[in-house]
Amino acid sequence: MDENQTIDQDRIIKINIEEEMKSSYIDYSMSVIVARALPDVRDGFKPVHRRILYGMLGIGNTNDKPYKKCARVVGEVLGKYHPHGDSSVYGALVRLAQDWNMRYTLVDGQGNFGSVDGDSAAAMRYTECRLSKMGERIMDDLDKETVDMANNFDDSLQEPTVMPTKIPNLLVNGGNGIAVGMATNMPTHNLNEVIDGCCAYIDNPDIDTEGLMQYIKAPDFPTGAYIYGLQGVKDAYETGRGRIVLRAKAEIESDESHDKIVVTEIPYGVNKAQLIENIAELVKEGRLEGISNANDESGRQGMRIVVDVKRDANANVILNKLFKMTQLQSSFSVNNIALVKGRPRLLTLKECVKYFVEHRHDVTIRRTQYDLKKAQERAHILEGLIIACDHIDEVVHIIRQSQTPSDAQRNLEKRFELDELQSKAIVDMRLSQLTGLRIDQLHAEYEDLEKLIAQLQLILDDPEECKKVMKEELVGVKDKYGDERRTEIIPDEHEFNAEDFYPNDPVVITVSHLGYIKRTPLSEFHEQARGGVGSKGANTRDKDFTEYIYPATMHQTMLFFTKKGRCYWLKCYEIPEGDKTSKGRAIQNLLNIDADDAVNAFLRVKGLNDEEFINNHYIVFATKNGTVKKTCLQAYSRPRANGVIAISIAEGDEVVDVRLTNGKNELIIANRNGRAVYFDENDIRTMGRTATGVRGMRLDGKDDAVVGMIVVNDAASETVMVVSENGYGKRSLVEDYRKTKRGGKGVKTLNITEKTGKLVAIKNVTNDNDLMIINKSGIVIRLAVSDCRVMGRATQGVRLINLAKKNDVIASVCKVMTSEMEVALNEQSEEQEEKTLTQAEQPREMENEEKSE
């Protein structure tokens, strides 16, 4: 028993599990890297592709023969060379035949090999294939010992370790693969350009990347489209990594009813069907406006995706939004990793060219050595045959005197000093070769062989001659298989500017209580006399009403601030347009806002790219509970789709107002009970974006709250306008307000009574402003501020709007430019229009004059 236990223990080898896991995983990862996922830098193939082509060549499945079933080819490859799943072999075979994936297909497929819509190929029992002409060129000279052969998985057969390709396949057809800890993604290129680059490298091995890019300008994708900007291409060529921006080829076709965007080429790797579905989803969700339909009209003539643009929409702007929001513009992330001498390496363009040229040199030398050896062997035999022909009578006599063929060979060797090969050739020679014509042919063949041997020897001895042969072969491939570039290059990467398609007109931005937003041209609103009932405003949903209304211009950037203290960004032209009575679009469809949050303040800025402006301006927050906070605008200058934290809000509090200041302004904060605090903005220290803030105003009890905040820019010309919920309001001079420190209770700004109701708004206005007042029932009135006289700070004011409905109250107040300024803007645009029309009519008048003459 003890002996058995000892024997068993001797058989057990104790190992460290960590070390075993580590070594086993390294072995596995190296196997994946070297023998599965990464292409070889020399021929651009992974083992599975190499085995497919070699297997097809082995069964004679060449371009000049009939097609064979793909199942036959897959079976051949699986049984002889590739001991993996049949789906991996068939998948690789299918890709070699897909002209939207391969720049130059290496397999000629017949049947359903999938589509650019992402359809998969039919089962391999239905499809047929054969080598394409270029696929055969990959294996030229394979039988001339040009590459090393290795045993297959069961050591019963030999397979090539690399192909002796005349085609720079790694660059031409690219490749992608995911290994362990690394991946490769190489773009396709134009054969003409790559061969020109290789020839340039052969002539000058010191050529740099910039020099090579004179020949190899950029990748050339099978699906065409545009390469948008060359910076990513340069990065990829110089470092091996880069991001190439691709943009679809699209044109705008106009007819009588509407415009159409017609897409004829899409970026490489984009699924056409998914692209059209994505456009439809964006339209359905309301994120993309102005599109009525999107159809796929592709056929035998080529790709044609038609997007119908609504009559009132700008097709150029829609196209730009499609580029921005869909895969009509996508990027190809280059990662040039390939196997160099069995090791993965990140390669530059020059290295890719260098290793291919070195491979071609190696193949050329080995092929020349093979051809030289064969030519010398044949010349050696011809020498013997010529000797025999010159002494034919004696040769016949020796053969006739010999008892056996072996004796005849030995006797000939002694007589004419021949070797065994020569004597055997003489003995095996037919009598027909003794005719005069055949003897002349032997002499001619020998002379040709001597020339060939000299030429082959020169190639081996003279490097320049070898380079000449390499270049001639490459140029021959280029002449036979080269084609025009498909992907056009737009060298200057410039961002499409949508502002070019929108005039910088004044608009009114309206936000409803339930979060619906729209922009309306300011010209739709008409001035009315003070005390009027007003015109009908927006058609709102039940229990909804227009709560906020702000002036802006189309090119301005708007920063949206929510009551929970987040900041979002939109350009005014990105807000959907609606007329004065339309409901608008839910903000949740435009911004990624939480369901329990709502926008209640925003700022208009010209742009966020002006460093001086954003570093010298500040955003000041006022919350319902009287907190204030000041932060530099620069902290809000980097838009993010999901917004950012603008201010940290305490529980039970919310943002009421947000203002832009220049660092030297004065602020007035007012509360519902009609009190206001007037202080210098420098009383608030500058804080970080996520800070909570400090006390700005002390409130009167729980029912009190801050209603607004104004920035005093010019105390001499500006007046303070306050409006109560029952339609009363008044203007007071800024100097009527006593300046104090922040954090106080403030002074009376409106005499609050039951008749006036609580304070709802505070604005700083001048005689050049109009006032827009809107109530909960949706009625809008516009009146001139100059109609409201300036009065004392503590008075109750005058009636600004008659509330037609019982229990109706004012919801929001906004100041806009006076209608005289609006008229001036309209006149200016009319003058411009007339000028444009006059310029357009001049050529027509000249044409008419010429015709009359």
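Residues numbered from 1 in each chain as written. Predicted model: local features only at pLDDT ≥ 70, side-chain atom pairs only at ≥ 80, totals over all residues. Heavy atoms only, no water.

An unreviewed UniProt entry lists the protein under the name DNA gyrase subunit A, with Hoylesella saccharolytica F0055 given as the organism. Here is the UniProt Sequence similarities (unreviewed entry) comment for the protein, exactly as written: "Belongs to the type II topoisomerase GyrA/ParC subunit family." Recorded under Catalytic activity (unreviewed entry), the UniProt text for the protein is reproduced unchanged: "ATP-dependent breakage, passage and rejoining of double-stranded DNA." (UniProt positions renumbered as here; feature names shortened; annotations may be inferred.)

1. Concerning the overall build of the protein
Each helix and strand counted, the protein has 20 helices and 41 strands in total. Overall size of the protein, expressed as C-alpha extent along the three principal axes, is 150 × 120 × 50 Å. Within the protein, the proportion of its 853 residues that are buried is 48%. For the protein, the share of sequence-separated contacts (at least 6 apart) that also reach a separation of at least 24 residues comes to 72%. Of the roughly 42,500 Å² that the protein leaves accessible, carbon and sulfur atoms contribute 46%. Between the averaged position of the 114 positive side-chain charges in the protein and that of its 134 negative side-chain charges there is a distance of 8 Å. (Helix = DSSP H or I, 4+ residues; strand = E, 2+ residues; numbered from the N terminus. Buried < 20%, exposed > 50% of the residue type's maximum accessible area, 1.4 Å probe, protein only. Contact = heavy atoms within 4.5 Å. Areas by Shrake-Rupley, 256 points an atom, 1.4 Å probe, with all protein chains shown as cover. Lys, Arg positive; Asp, Glu negative; His and termini not counted. Charge placed at Lys NZ, Arg CZ, Asp CG, Glu CD.)

2. Considerations on the UniProt feature "active site" (unreviewed entry) in the protein
Here the UniProt-annotated "active site" (unreviewed entry) positions come out as Y126. Locating Y126 in the fold gives a position in the loop between strand 2 (107-110) and strand 3 (128-131). Of the residues examined, Y126 reaches a relative accessible area of 53% and is grouped as exposed.

3. Things to note about the sheet that holds strand 25 (residues 599-605)
Judged by pairing direction, the sheet is antiparallel, and its four strands sit side by side in the order 25-22-23-28 without closing on themselves. Looking at the sheet topology across the chains shown, the edges are occupied by strand 25 and strand 28 (644-645). Where strand 23 (residues 566-571) meets strand 28, two bridges bridge the pair, whose relative direction is antiparallel. Each residue of the ladder has a partner; that of C567, found in strand 28, is V644. (Pairing = 2+ DSSP bridges.)

4. Some remarks on the sheet that holds strand 32 (residues 694-695)
Spatially, four strands are ordered 29-26-27-32 in an open sheet, and the strand pairing comes out antiparallel. Each having just a single partner strand, strand 29 (655-661) and strand 32 make up the two edges of the open sheet.

5. Here we look at the pattern of salt bridges
Here the structure, examined in full by the defined rule, presents 44 salt bridges. A salt bridge links K166 to D140; the nearest nitrogen and oxygen atoms lie 3.6 Å apart. Placement of K166 in the loop between strand 5 (158-160) and helix 7 (169-173) and of D140 in the loop between helix 6 (133-138) and strand 4 (149-151) is noted, with a sequence separation of 26 residues between them. Taking relative accessible area as the criterion, K166 reaches 17% and is therefore assigned buried. (Salt bridge = Lys/Arg side-chain N within 4 Å of Asp/Glu carboxyl O.)

6. As for the side chain of T562
Among the structural elements, T562 can be located in strand 22 (residues 557-562). Classification of T562 as buried rests on a relative accessible area of 0%. A distance of 2.7 Å separates a polar atom in the side chain of T562 from a polar atom in the side chain of D597. Excluding residues within four positions of it along the chain, T562 makes contact with Y568, I593, D597, A598, V599, N600 and V655. (Polar contact = N/O pair within 3.5 Å; in protein donor to acceptor, adjacent residues only side chain to side chain.)

7. Observations regarding the domain arrangement of the protein
Domain annotation of the protein identifies domain 1 (32-165), domain 2 (249-327), domain 3 (357-486) and domain 4 (502-528 + 540-833). Of note, the centres of domain 1 and domain 3, computed from C-alpha atoms alone, are 35 Å apart. Summed over both sides, the interface of domain 1 with domain 3 buries roughly 1,400 Å², with 49% coming from carbon and sulfur. The largest share of the area that domain 1 buries against domain 3 comes from R103, K144 and T146, three residues that together contribute 35% of it. Counting the contacts that link domain 1 with domain 3 gives four salt bridges. When the shortest N-O distance is used, the salt bridge between D483 and R103 registers 3.1 Å. Here domain 1 is connected to domain 3 by 12 residue pairs in polar contact (both at pLDDT 80 or more). For the side of domain 1 that touches domain 3, a count of residues per class yields six nonpolar, two polar and 10 charged. (Domains from an automatic or database assignment. Buried area = accessible area lost by both parts, 1.4 Å probe. Nonpolar A, V, L, I, M, F, W, Y, C, P; charged D, E, K, R; others polar.)

8. Considering the environment of A595
With respect to the secondary-structure elements, A595 resides in the loop between strand 24 (585-586) and strand 25. Of the residues examined, A595 reaches a relative accessible area of 80% and is grouped as exposed. On a C-alpha basis, the gap between A595 and L212 in space is 55 Å, while along the polypeptide they are 383 residues apart.

9. Quick notes on the pairing of strand 23
The element strand 23 is extensively covered by neighbouring structure, given that five of its six residues are classed as buried. In this antiparallel pair of consecutive strands, strand 22 and strand 23, the connection spans three residues, and G565 shows a positive phi of 90°.

10. Side note on helix 18 (residues 463-481)
In this model, helix 18 (19 residues) spans 27 Å end to end at C-alpha, consistent with the 27 Å of a helix rising 1.5 Å per residue. The N-capping residue of helix 18, defined by a side-chain oxygen 3.1 Å from the backbone nitrogen of E464, is D462. (Expected span 1.5 Å × (residues − 1).)

11. With respect to the environment of N411
Position of N411 relative to the elements: it lies in helix 15 (residues 405-416). Separated by 12 residues in sequence, N411 and I399 have C-alpha atoms that sit 8.1 Å apart. What N411 contacts, discounting residues up to four positions off in sequence, is I398 and S402.

12. Overview of the packing of helix 4 (residues 70-80) against helix 5 (residues 86-97)
Running from amino to carboxyl end, helix 4 crosses helix 5 at an angle of 120°, the nearest separation of the two axes being 10 Å. One element, helix 4, and the other, helix 5, form an angle in the oblique class. Where helix 4 crosses over helix 5, the handedness of that crossing is right-handed. Contact residues: C70, V73, V74, V77 and L78 in helix 4; D86, V89, Y90 and L93 in helix 5. In terms of residue class, the contact of helix 4 with helix 5 is built from eight nonpolar, no polar and one charged. (Axes fitted to C-alpha atoms, helices over the stretch in contact; angles between N-to-C directions. Parallel < 35°, antiparallel > 145°, perpendicular 65-115°, else oblique. Left-handed = near helix turned anticlockwise from the far one by under 90°.)

13. Section: a nonpolar patch on the surface
A contiguous nonpolar patch, built from I26, M30 and V34 and spanning about 230 Å² of accessible area, is present on the exposed surface. Residue class for V34 comes out partly exposed when judged on its relative accessible area of 32%. (Patch = residues over 30% accessible without salt bridge, like charges linked within 9 Å, V, L, I, M, F, W, Y side chains within 5 Å.)

14. A few points about a negative patch on the surface
Residues D208, E210, D235 and E238 make up a contiguous surface patch of negative charge. One can find D208 in the loop between helix 8 (191-203) and helix 9 (209-212). Looking at D208, the relative accessible area reads 45%, which means it is partly exposed.

15. Here's the deal with the packing of helix 15 against helix 16 (residues 420-428)
Relative orientation of the contacting elements helix 15 and helix 16 amounts to 120°, with a least axis distance of 9 Å. Here helix 15 is positioned oblique relative to helix 16, judged by the angle of their axes. Helix 16 is crossed by helix 15, and the crossing has right-handed handedness. Contacts from P405, A408, Q409, L412 and E413 of helix 15 reach helix 16 at E420, S423, K424, I426 and V427.

16. Comments concerning the nonpolar core
Judged by nonpolar contacts, the single largest core of 104 residues is most densely connected at I52, L53, L93, L191 and V353. In terms of residues, this core owes the most to one element, helix 13 (residues 349-390), which gives 16 residues. When residues of this core are assigned to domains, at least three fall in each of domain 1 (32-165) and domain 3 (357-486). Apart from residues lying up to four places away in sequence, L191 is in contact with Y104, M134, I167, P168, V172, V477, Y481 and G482. Counting 24 residues, the second largest nonpolar core, distinct from the first, contains I266, I279, V307 and L319. (Core = buried A, V, L, I, M, F, W, Y, C linked by side-chain atoms within 4.5 Å.)

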